[in-house]
Amino acid sequence: MDYPAPITRYLLNRNARNRHLAYFHLDAHGHILTFGGTLDHYRIPKPQKGIPISDLLLFTEGMLPIDGSQMLLECVALPGGLTVDAHFFNADSYLWLLLLDAGEKAENQRLLQQKANELVLLRDAHARILDQHLGKGMTERLLRIDFQKGGERRVLSALFADIRGFTTFCEHRPPAQVVDMLNAYLSAMIQPVLGGGGIVDKIIGDAVMAVFGLLPSNLSAAGLAVDAAREILKSTGGLAVRRRKAGQPSLSVGVGIATGPVVLGVLGSRDRRTLSVTGHSVNLAARLESRASPGEILVDAATFDALKRDQTGFTARILDLKGLDSPTTAYGWRPHHEH
Amino acid sequence: MIKKKICMLGAFAVGKTSLVQRYVHSLFSDKYHTTVGVKIDKKPVNINGTPVDLILWDIYGEDEFQAVRSSYLRGASGCLLVVDGTRRYTLDTAHDLLKRTQETVGNIPVVFVFNKFDLMDSWEIEPIQLDALEKQGMVIVRTSAKEASGVEKAFTTLVEMMLEE
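Each residue is numbered by its place in its chain's sequence as written, counting from 1. For this description, chains carry letters from A and ligands carry numbers from 1, given in the order in which they are written. Only residues with pLDDT of 70 or above have their local features reported here, since the model is predicted, and side-chain atom pairs are shown and tallied only from 80 upward, although totals for entire chains, interfaces and linings are computed over all residues.

Here we look at the pairing of strand β3 (residues 70-77) of chain A
And then number 1: Here β3(A) runs beside strand β4 (residues 83-91) of chain A; their pairing, made up of six bridges, is antiparallel. For Val76(A), the partnering residue across the bridge sits in β4(A) and is Val84(A).
And then number 2: Linkage of β3(A) to β4(A), two consecutive antiparallel strands, is achieved through a turn of five residues, within which Gly81(A) is found at a positive phi near 105°.
And then number 3: Only strands joined by at least two bridges in the DSSP assignment are considered to pair. Here a helix means four or more residues in a row that DSSP labels H or I, a strand means two or more in a row labelled E, and each is numbered from the N terminus. Here β3(A) pairs with strand β2 (residues 38-47) of chain B via two bridges, running parallel. In the strand pairing of β2(B), Ala77(A) is matched with Lys39(B).

Some details on the confidence of the model for chain A
And then number 1: Confidence of the prediction at every residue is given by pLDDT, a number between 0 and 100. In this model, chain A carries a mean pLDDT of 86, and residues with pLDDT of at least 70 account for 89%.
And then number 2: Per-element mean pLDDT across chain A ranges from 57 in helix α4 (residues 138-144) of chain A up to 96 in strand β11 (residues 297-300) of chain A.

Observations concerning the nonpolar core
It is characteristic of soluble globular proteins that their nonpolar side chains tend to be buried jointly.
And then number 1: By convention the nonpolar core is taken to be a set of buried residues drawn from Ala, Val, Leu, Ile, Met, Phe, Trp, Tyr and Cys and joined through C-beta atoms within 7 Å. Every C-beta atom is placed from the backbone, and the number of other C-beta atoms within 10 Å of a residue's own sets its class: buried at 20 or more, exposed at 12 or fewer, partly exposed in between. If you look at the biggest cluster of nonpolar residues, it comprises 66 residues, and the most contacted ones within it are Ile6(B), Cys7(B), Met8(B), Leu80(B), Leu81(B) and Val113(B).
And then number 2: It is helix α4 (residues 151-164) of chain B that contributes the most residues to this core, six residues altogether.
And then number 3: Not counting chain neighbours up to four residues away, the residues in contact with Cys7(B) comprise Trp57(B), Ile59(B), Tyr72(B), Leu73(B), Ala76(B) and Cys79(B).
And then number 4: Val193(A), Met209(A), Ala221(A) and Ala330(A) belong to the second largest nonpolar core, which has 51 residues in total. Think of it this way: build a C-beta for each residue from its backbone, and any pair within 7 Å is a contact.

Considering the interface of chain A and chain B
And then number 1: Taken together, the contacts link 22 residues of chain A with 19 residues of chain B.
And then number 2: Looking at which element gives the most residues to the side of chain A that touches chain B, the answer is helix α3 (residues 103-134) of chain A, with nine residues.
And then number 3: Each residue gets one label: Ala, Val, Leu, Ile, Met, Phe, Trp, Tyr, Cys and Pro are nonpolar, Asp, Glu, Lys and Arg are charged, and the others, such as Gly, are polar. When grouped by side-chain class, the residues that make up the side of chain A that touches chain B number 11 nonpolar, six polar and five charged.

Quick look at the packing of helix α6 (residues 175-195) of chain A against helix α7 (residues 221-245) of chain A
Residues and elements named next belong to chain A.
And then number 1: In this analysis, axes come from line fits to C-alpha atoms, helices being fitted only over the stretch in contact, and the angle between any two N-to-C directions falls in the range 0 to 180 degrees. Here α6 crosses α7 at 150°, and the two axes come no closer than 8 Å. On the basis of their axis angle, the class for α6 and α7 is roughly antiparallel. At the point where α6 passes α7, the crossing takes the right-handed sense. Within the contact between the two elements, α6 uses Ala184, Tyr185, Ala188, Met189, Gln191, Pro192 and Val193 and α7 uses Ala228, Glu231, Ile232, Ser235, Thr236 and Leu239.
And then number 2: Taken together, the residues of the contact of α6 with α7 break down into nine nonpolar, three polar and one charged. Angle categories: roughly parallel below 35 degrees, roughly antiparallel above 145, roughly perpendicular from 65 to 115, and oblique for all the rest. We call a crossing left-handed when the near helix sits turned anticlockwise from the far one by less than a right angle, and right-handed when that turn is clockwise.

Overview of the packing of helix α1 (residues 16-25) of chain B against α4(B)
Residues and elements named next belong to chain B.
And then number 1: Where α1 contacts α4, the axes come no closer than 9 Å and their chain directions differ by 90°. By the angle between their axes, α1 is roughly perpendicular relative to α4. Contacts between α1 and α4 involve Leu19, Arg22 and Tyr23 from the former and Val151, Glu152 and Phe155 from the latter.
And then number 2: Its residues placed into classes, the contact of α1 with α4 shows four nonpolar, no polar and two charged.

Digging into the environment of Gly256(A)
Residue and element names in this part refer to chain A.
And then number 1: Along the chain, the position of Gly256 falls in strand β9 (residues 253-268).
And then number 2: A tally of 26 C-beta atoms within 10 Å means that Gly256 is categorised as buried.
And then number 3: Separated by 26 residues in the primary sequence, Gly256 and Val282 have C-alpha atoms spaced 9.8 Å apart.
And then number 4: Those residues in contact with Gly256 that lie beyond four places of it in its chain are Phe160, Ala285, Ala286, Arg287, Leu288, Glu289, Ala292 and Leu298.

A closer look at helix α2 (residues 89-105) of chain B
Residues and elements named next belong to chain B.
And then number 1: Helix span, as expected, comes to 1.5 Å for every residue beyond the first. The end-to-end C-alpha separation of α2 is 24 Å, in line with the 24 Å expected for 17 residues at 1.5 Å each.
And then number 2: Three or more residues of α2 are buried, namely Thr90, Leu91, Thr93, Ala94, Leu97 and Thr101. Buried residues in α2, looked at end-on, bunch into an arc of 150°, giving them a common side. In α2, the exposed positions angled more than 90 degrees off the buried face are occupied by Tyr89, Asp92, Lys99 and Glu103.
And then number 3: Buried-residue contacts for α2 involve β1 (2-10), β4 (78-84), β5 (110-115) and α3 (127-135). Directions pointing from the helix axis toward each C-beta atom define the arc.

Digging into the sheet that holds β4(A)
And then number 1: Strand order in the open sheet made by the 11 strands is β2(A)-β1(A)-β5(A)-β4(A)-β3(A)-β2(B)-β3(B)-β1(B)-β4(B)-β5(B)-β6(B), with mixed pairing throughout. Each having just a single partner strand, β2 (32-37) of chain A together with β6 (139-142) of chain B make up the two edges of the open sheet. On average, each strand axis in the sheet is inclined to that of its neighbour by 30°, with strand direction left out of account.
And then number 2: For β4(B) and β5(B), the ladder comprises six bridges, and the chain directions are parallel. Across the sheet, residue Leu80(B) finds its bridge partner in β5(B), namely Val111(B).
And then number 3: Running over the sheet, α2(B) touches β1, β4 and β5 of chain B and is turned about 165° from β4(B).

Some thoughts on unusual backbone geometry
Only a minority of non-glycine residues have a phi that is not negative, and only a minority of peptide bonds are not trans.
Residue and element names in this part refer to chain A.
And then number 1: Across the junction of Leu64 and Pro65, the peptide omega takes the value -5°, indicating a cis bond.
And then number 2: Its place among the elements puts Pro65 in the loop between α2 (53-56) and β3.
And then number 3: Even without a glycine there, the phi angle at Ser93 is positive, about 70°.
And then number 4: Mapped onto the elements, Ser93 comes out in the loop between β4 and β5 (94-101).

A look at the pairing of strand β3 (residues 50-59) of chain B
Residue and element names in this part refer to chain B.
And then number 1: Of the strand pairs in this sheet, β1 and β3 are connected by seven bridges, and their pairing is parallel. From the neighbouring strand, Ile6 faces β3, where its bridge partner is Leu56.
And then number 2: In the sheet, β2 pairs with β3 via 10 bridges, with the strands oriented antiparallel. From the neighbouring strand, Asp41 faces β3, where its bridge partner is Leu56.
And then number 3: What sits between β2 and β3 in their antiparallel hairpin is a turn of two residues, with Asn48 showing a positive phi close to 50°.

This is how it looks when you write it as structure tokens:
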């Protein structure tokens, strides 16, 4: 489209002036024929005619000849600290290189890009922390689970595992020894949960709360929870043996499991949100754990019933549990060597 | 004097600028500064008796809003594909960039640089993934721009490959 000459002249002059136009007229081999414009602005020394442009401007090395009739390199930082848009174009069998100051554009872009990238890095860091808490890759898997905004009800198995006698152990012990012991036992409790298809919901002091049935599996939530609990007793038992052999103190773990409908939801304020699992069976699992003997798994009737063919080794007993009106039937299980 | 253009490619914040700064100026800053467009540095080196002027193109990191423009790759003799070991998806970005580089400038020598080796405890990329890349014939170098480890090796390895071409 043709525009009246005054418009074209006005725009060209305005652009050339505001963006400090500098230009080079080059032969087919990239040697400088003529030059002009505001080279001083870019702190480019006046070149000798006939020298390769790449001797003057590093970024042109390997760029010539251009493909097609024109090429644009946006936001090239020059050694002098300024940023240019470099326009290459062919006209009348010669090549032209125009430099236009892109400092303002680059700075605006930098501010936006910096902010956006920092936000993504922050998101990545949060995901990593969640992964450490919930298990590697778990954040990604959880993000794929579609929770209804207002919360939803699902049947899950809740598991509580607690180090017996840890509070007494902590008394009069140096903090480093307490932290060392806690880390060793928590690792031995968390790994079986993660390896067994569970999610570590919380670490409360010396206790771990986990849920099973949230991640897709062909096995029942109760079966997964009991298998994980057996592994917890096995790994913490092995740890205790190793510690005793090394002359270090050792402790035992008790586990409680209950199965039933729970309410899942994202709770919290605008600043801090967390996945929450609440319901009677969560409370029941905590109560059962508090009554489990060291080295014992204590499960509720719903968990026991769901085990079907895997009920061997469980012993029923009636318990009066805090917060429950009537006595509860619970089923205890211990590893063979402790029977 | 032989001049060789090397493109630094990778996702944003993988450490491309830090690697160039470490290699050319022996400097490192912990603070993250995003790169807009491209910054070009020159480093004269002597590789096995051959003097070479390396023209290093530190190109902005690719993110979900902007892909690397193919015009920046023009004339490249080699390419360092930089991956942040602590962010798994930056390896996917490097693979995408490799494909686009090959489409634009052909099969030029490429070295996969796994940066941030000083943060090994936080790495999301597993050793098995590095082994798989090597089995595919890719050259990989582990680096830490912060601790200046592997940086010289990454560039030297690439230049040696370029000179063999």
